[in-house]
Amino acid sequence: MAVALAFVTAGALAGACGNPRPPASAAPRLANALAAALSTVELARIPWRCIAEDLPEPTATLDKSWKLEGHALQHETNLVIGIVADAGGAAPNTLAALGRLRAKLDEGHAELVLALGGMGTSEPELEATLGVLAKPASPVIAMPGDLESVAGETAAIARLAARGAPVVDGRLLRWIDLPGASIALLPGAGSRLRLAAGGDGCAWQADDVVRIYQQLSARPGLRIAALAEAPREDHAGDPSGELALAPGPAIDLIVHGPTQPVPSPARTGGRDGTRARISPGTADATPRLPETRAPAAGLLTIHGSTWSWKPL
């Protein structure tokens with residue numbers, strides 16, 4: 001863009017020096033050139049980085065049982081964690097469904113809610129969907145997925161914080177540290193083509209995944225990865241999910257955004273390196289093709305050296 005602007009500006013100055021009264025069309029030509037250059041820059045925008053060492057640290061006002069230090073959220077005991085994803089926006093019936101799911105999470109004594117992405121694109125949508133889930137006693141970790149605008153989610157979290165709703169920006173948070181488990185967060189999408197918000201979305205690179213998996217594998221206790229996207233798998237011969245998320249060193253559990261509308265069935269596990277996979281299904285209550293299913297979520301309980309999953 002600098003070369004184009006220099007060329008246009010030099011041309012305009014040369015015309016001015018050669019003729020004290022330049023033709024009337026010079027200004028429109030200059031304006032058109034500047035507009036074209038700026039348009040090119042806009043088209044060249046790249047997504048926000050989801051994982052980078054120089055990202056700012058998240059901030060939030062949380063209950064005293066929580067400690068937010070650097071890029072890690074720490075709790076003094078193991079937890080019951082509510083898992084929600086893929087609301088798809090703030091349609092009235094979806095907000096009502098999120099309210100019912102939040103009540104079920106309360107019944108299951110969820111102390112933290114992990115939103116794996118797909119909760120909306122714009123600031124109003126995200127403020128509405130995340131606001132239904134946030135409660136003083138159980139904060140929400142809002143991980144951007146393939147729908148979220150980074151600017152929109154940042155603004156929504158700020159507005160919720162001003163109302164006292166405890167929501168932590170999952171793009172800036174790297175770890176959830178518990179006495180018996182480490183949870184690594186990997187938000188965003190692996191390709192710009194899947195970002196509904198385009199250049200204002202959030203993307204990761206394959207090297208990011210390798211580094212996070214390696215760091216997680218080396219930790220003691222349960223090793224859990226929370227992903228906005230799903231790793232590659234086949235459903236009746238139809239592959240879905242992101243290939244770069246599938247391989248890696250030994251970890252115990254992958255909690256991921258849905259490729260199917262229904263939640264994963266109940267199961268349990270421990271520190272066994274099997275890379276077990278669970279997903280909460282979709283929380284969207286609007287009609288979907290080929291079949292609309294009831295909005296879903298799940299409860300992940302960390303107890304001692306084991307974990308258990310309950311679909312809702």
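Residues numbered from 1 in each chain as written. Predicted model: local features only at pLDDT ≥ 70, side-chain atom pairs only at ≥ 80, totals over all residues. Heavy atoms only, no water.

Colleague: Looking at this model, I keep getting lost on the overall build of the protein. Mind explaining?
Modeller: A count of helical and extended segments in the protein gives 6 helices and 18 strands. For the protein, contacts bridging at least 24 residues in sequence account for 72% of all contacts bridging at least 6. Accessible area for the protein stands at about 14300 Å²; split by element, carbon and sulfur atoms hold 59% of it. (Helix = DSSP H or I, 4+ residues; strand = E, 2+ residues; numbered from the N terminus. Contact = heavy atoms within 4.5 Å. Areas by Shrake-Rupley, 256 points an atom, 1.4 Å probe, with all protein chains shown as cover.)

Colleague: I keep staring at the sheet that holds strand 4 (residues 80–84) and nothing clicks. Help me out?
Modeller: Each strand in a sheet pairs with its neighbour through backbone hydrogen bonds, running either in the same direction (parallel) or in the opposite one (antiparallel). Strand order in this open sheet of 7 strands is 7-6-5-4-17-18-15, and the pairing throughout is mixed. Because the sheet does not close on itself, it has two edges, and the strands there are strand 7 (167–169) and strand 15 (267–270). The sheet shows a mean angle of 20° between the axes of neighbouring strands, taken without regard to direction. Both strand 17 (residues 298–303) and strand 18 (residues 306–311) contribute to a ladder of 6 bridges, which runs antiparallel. Residue pairing in the sheet places Thr301 in a bridge with Ser308 of strand 18. Across the sheet, helix 3 (residues 92–107) lies against strand 4, strand 5 (112–115) and strand 17, angled at about 165° from strand 4, the strand it touches most. Contacts from helix 4 (residues 123–133) reach strand 4, strand 5, strand 6 (140–142) and strand 7 within the one sheet, and its direction differs from that of strand 6 by about 150°. (Pairing = 2+ DSSP bridges. Axes fitted to C-alpha atoms, helices over the stretch in contact; angles between N-to-C directions.)

Colleague: Explain the layout of surface pockets to me, please; I cannot follow it from the model alone.
Modeller: Considered as a void within the structure, the largest pocket measures approximately 700 Å³ in volume. Residues of the lining of the largest pocket, tallied by class, amount to 10 nonpolar, 12 polar and 9 charged. (1 Å grid on protein atoms, 1.4 Å probe; cavity = no way out; pocket = protein on both sides within 12 Å on 5 of 7 lines; lining within 4 Å. Points joined across faces, edges and corners; volume = space filled by probe spheres on them. Nonpolar A, V, L, I, M, F, W, Y, C, P; charged D, E, K, R; others polar.)

Colleague: Just to check I follow, could you spell out empty space enclosed by the protein for this structure?
Modeller: The probe, sized like a water molecule, is rolled over the atoms to show the empty space still left. Inspection of every chain in the model, using the stated rule, returns 1 cavity of 30 Å³ or more. Approximately 30 Å³ is the volume found for the largest cavity. Around the largest cavity, the lining residues are Ile81, Leu114, Ile183, Ile224, Ala226, Val255 and Leu300. Partitioned by chemical class, the residues of the lining of the largest cavity number 7 nonpolar, no polar and no charged.

Colleague: I tried to follow the confidence of the model for the protein on my own but got confused; where do I start?
Modeller: Reading fine detail from the predicted coordinates is not recommended where pLDDT is low. Averaged over all residues, the pLDDT of the protein equals 86, while 84% of them reach at least 70. Confidence drops under a pLDDT of 50 for residues 1–26, and excluding neighbours within four residues, the segment shows 7 contacts in the predicted structure. Long-range and interchain partners of residues 28–45, a stretch whose pLDDT sits below 50, account for 11 contacts in this model, where long-range means more than four residues apart. (pLDDT = per-residue confidence, 0-100.)

Colleague: Mind showing me how you'd approach the sheet that holds strand 9 (residues 181–186) here?
Modeller: Pairing within the open sheet is mixed, and its 7 strands lie in the order 2-3-8-9-11-14-16. Of all the strands in the sheet, the pair left with one neighbour each is strand 2 (66–69) and strand 16 (276–278). Between one strand axis and the next, the sheet turns by 20° as a mean value, whatever way the strands run. Bridge analysis of strand 2 against strand 3 (residues 72–75) gives 4 bridges, and the strand direction is antiparallel. By the bridge assignment, Trp66 is partnered in strand 3 with His75. Along the sheet, helix 6 (residues 206–217) makes contact with strand 8 (175–178), strand 9, strand 11 (222–227) and strand 14 (253–256), crossing strand 11 at roughly 155°.

Colleague: I would appreciate a short explanation of unusual backbone geometry in the present structure.
Modeller: Leave glycine aside and you will find that most residues have negative phi; peptide bonds, for their part, are mostly trans. With a phi close to 65°, His109 is a non-glycine residue in the positive phi region. By the secondary structure assignment, His109 is in the loop between helix 3 and strand 5. By relative accessible area, His109 is classed as exposed at 59%. For Arg275, which is not glycine, the phi dihedral falls at a positive 55°. Along the chain, the position of Arg275 falls in the loop between strand 15 and strand 16. Residue Arg275 is classed as buried on the basis of its relative accessible area of 16%. (Buried < 20%, exposed > 50% of the residue type's maximum accessible area, 1.4 Å probe, protein only.)

Colleague: Sorry if this is basic, but what is going on with the packing of helix 3 against helix 4 here?
Modeller: Between helix 3 and helix 4, the shortest axis-to-axis distance is 8 Å and the interhelical angle comes to 20°. What the angle tells us is that helix 3 and helix 4 run roughly parallel. Helix 4 is crossed by helix 3, and the crossing has right-handed handedness. Note on element contacts: helix 4 touches helix 3 through Ala128, Thr129, Val132 and Leu133, opposite Leu95, Leu98, Gly99 and Arg102. Of the residues assigned to the contact of helix 3 with helix 4, the class counts are 5 nonpolar, 2 polar and 1 charged. (Parallel < 35°, antiparallel > 145°, perpendicular 65-115°, else oblique. Left-handed = near helix turned anticlockwise from the far one by under 90°.)

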